[in-house]
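Letter by letter, the chains look like this.
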Amino acid sequence: MTSSSTPGLARFNTLADDEATTALHEVCASAAWGRAILSRRPYVTAEALLSASDAATAALTPEDLAEAMAGHPPIGRPKPGDPTSSREQRGMAGATEELKAEMLELNLAYQERFGHVFLICATGATGEQMRDAVKSRIGNSPEQERGHVRTELGKINRIRLTRLVEEDKD
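No experiment lies behind these values; they were computed from the predicted model shown. (Residues numbered from 1 in each chain as written. Predicted model: local features only at pLDDT ≥ 70, side-chain atom pairs only at ≥ 80, totals over all residues. Heavy atoms only, no water.)

1. Some points on the overall build of the chain
Convention followed: Here a strand is any run of E in DSSP of at least two residues, a helix any run of H or I of at least four, and the numbering for each starts at the N terminus. In this description the radius of gyration comes from C-alpha coordinates, and the expected globular size is given by 2.2 Å times residues to the power 0.38. Note on classification: 1.4 Å probe, protein chains only; a residue is buried when its accessible area is under 20% of the maximum for its type, exposed when over 50%, partly exposed between these limits.
On a plain count of helices and strands, the chain comes out with 10 helices and 0 strands. Traced from its N-terminal end to its C-terminal end, the chain shows the element sequence α-α-α-α-α-α-α-α-α-α. Relative to the 2.2 N^0.38 estimate, which gives 15 Å for 170 residues, the radius of gyration of the chain is 16 Å and therefore close to what a compact globule would have. Seen through its C-alpha atoms, the chain measures out along the principal axes to roughly 45 × 35 × 25 Å. Out of the 170 residues belonging to the chain, those deemed buried represent 44%.

Structure below.
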């Protein structure tokens, strides 16, 4: 993303608050994150928006983080009819049935251990890379894992915000 203003950024800056809130909820399900982004409009550059997202993600409480994670489907099971989760999890689309079954088992074990879905920035990752990530992170302490989740959420939010302000809606 360039650091200059884009037509998409100008459009985002001028959306009515309720429309912007809806658009931001599609980026991140945390209401606190959305309020933080909304409160700093207008953004002069796309980079300023991404920086605000990073700060808002870093400021999420454990409850806000849980709310954000609740908006993400498990890896290998994108929400039906949701093009965003399908696009982001494309690496699992061509996975073997064996890998899909292994991911299901790992997802369930992870969720049992941490009480939430395994969150990873899946964009561009293969099914094997996602499997290896859950295997390596399942042994983390809850505190370590919250750090990983926050980092991954930040990456996802950046990708989704970039798409939001670069989309041509004309």
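2. Description of the environment of P142
Inspection of the secondary structure puts P142 in helix α10 (residues 142–166). The spatial distance from the C-alpha of P142 to the C-alpha of D54 is 21 Å, given a sequence separation of 88 residues.

3. Digging into the nonpolar core
Put simply, the rule is: Only buried Ala, Val, Leu, Ile, Met, Phe, Trp, Tyr and Cys residues count toward a nonpolar core, and they belong to the same one when joined by side-chain atoms within 4.5 Å. Any pair of residues with heavy atoms lying within 4.5 Å of one another is described as a contacting pair.
Of all hydrophobic cores here, the largest spans 43 residues; its most connected members are F12, W33, I37, L49, I75, M130 and L161. Taken together, the elements giving at least two residues each to this core come down to α1 (7–14), α2 (17–27), α3 (31–39), α4 (46–58), α5 (62–70), α8 (97–114), α9 (127–137) and α10. When residues of this core are assigned to their parent elements, the largest contribution, 6 residues, is made by α10. Once you skip the residues sitting within four places of it in the chain, L49 turns out to touch L9, F12, I37, Y43, L161 and V165.

4. Details of the environment of A23
With respect to the element layout, A23 can be found in helix α2. Assessed through its relative accessible area of 18%, A23 is described here as buried. Taking the C-alpha atoms as reference points, A23 and L161, 138 residues apart in sequence, are found 9.4 Å from one another.

5. What about the packing of α2 against α10?
To keep things clear, this is the line we draw: The convention used is that axes are lines fitted to C-alpha atoms, helices contributing only their stretch in contact, and that angles between N-to-C directions extend from 0 to 180 degrees. Orientation categories follow fixed angle ranges, with anything under 35 degrees roughly parallel, anything over 145 roughly antiparallel, 65 to 115 roughly perpendicular, and all other angles oblique.
One can describe the packing of α2 onto α10 by two numbers: an axis separation of 9 Å at closest approach and a directional angle of 140 degrees. As far as their axial angle goes, α10 and α2 are oblique. In this structure, α2 contributes A23, L24, E26 and V27 to the contact, and α10 contributes N157, R160, L161 and L164.

6. With respect to the packing of aromatic side chains
Both the distance between ring centres and the angle between the ring planes are used here to describe each pair of aromatic rings. Formally: Only rings of Phe, Tyr and Trp enter the pairing, Trp through its six-membered ring, and a pair is recorded when the two centres are within 6.5 Å. The plane angle decides the type: under 30 degrees is stacked, over 60 is edge-to-face, the rest tilted. Here, a charge over a ring means that NZ of Lys or CZ of Arg falls within 6 Å of the ring centre while also lying within 35 degrees of the ring normal.
One pass over the full model with this rule turns up 3 aromatic pairs. Between the aromatic rings of Y110 and F118, the centroid separation amounts to 5.2 Å while the plane-to-plane angle is 80 degrees, which identifies the pairing as edge-to-face. There is no split in this pair, since Y110 and F118 are both buried. Three or more aromatic residues joined by ring pairs form one cluster here, namely Y110, F114 and F118. For R41, the ring lying beneath its charged end belongs to F12, and the centroid distance is 5.5 Å.

7. With respect to unusual backbone geometry
Cis geometry marks the peptide bond from R41 to P42; its omega dihedral reads 0 degrees. In this structure, P42 sits in the loop between α3 and α4.

8. Notes on the packing of α4 against α10
The test is simple: The crossing is said to be left-handed when, going from far helix to near helix, the turn is anticlockwise and less than a right angle, and right-handed when the turn is clockwise.
The contact between α4 and α10 brings their axes to 10 Å, and the two run at 150 degrees. Relative to α10, the element α4 lies roughly antiparallel. Crossing handedness for the pair α4 and α10: right-handed. Contacts between α4 and α10 pair A46, E47, L49, L50, S51, S53, D54, T57 and A58 from the former with R150, L153, G154, N157, R158, L161, T162 and V165 from the latter.

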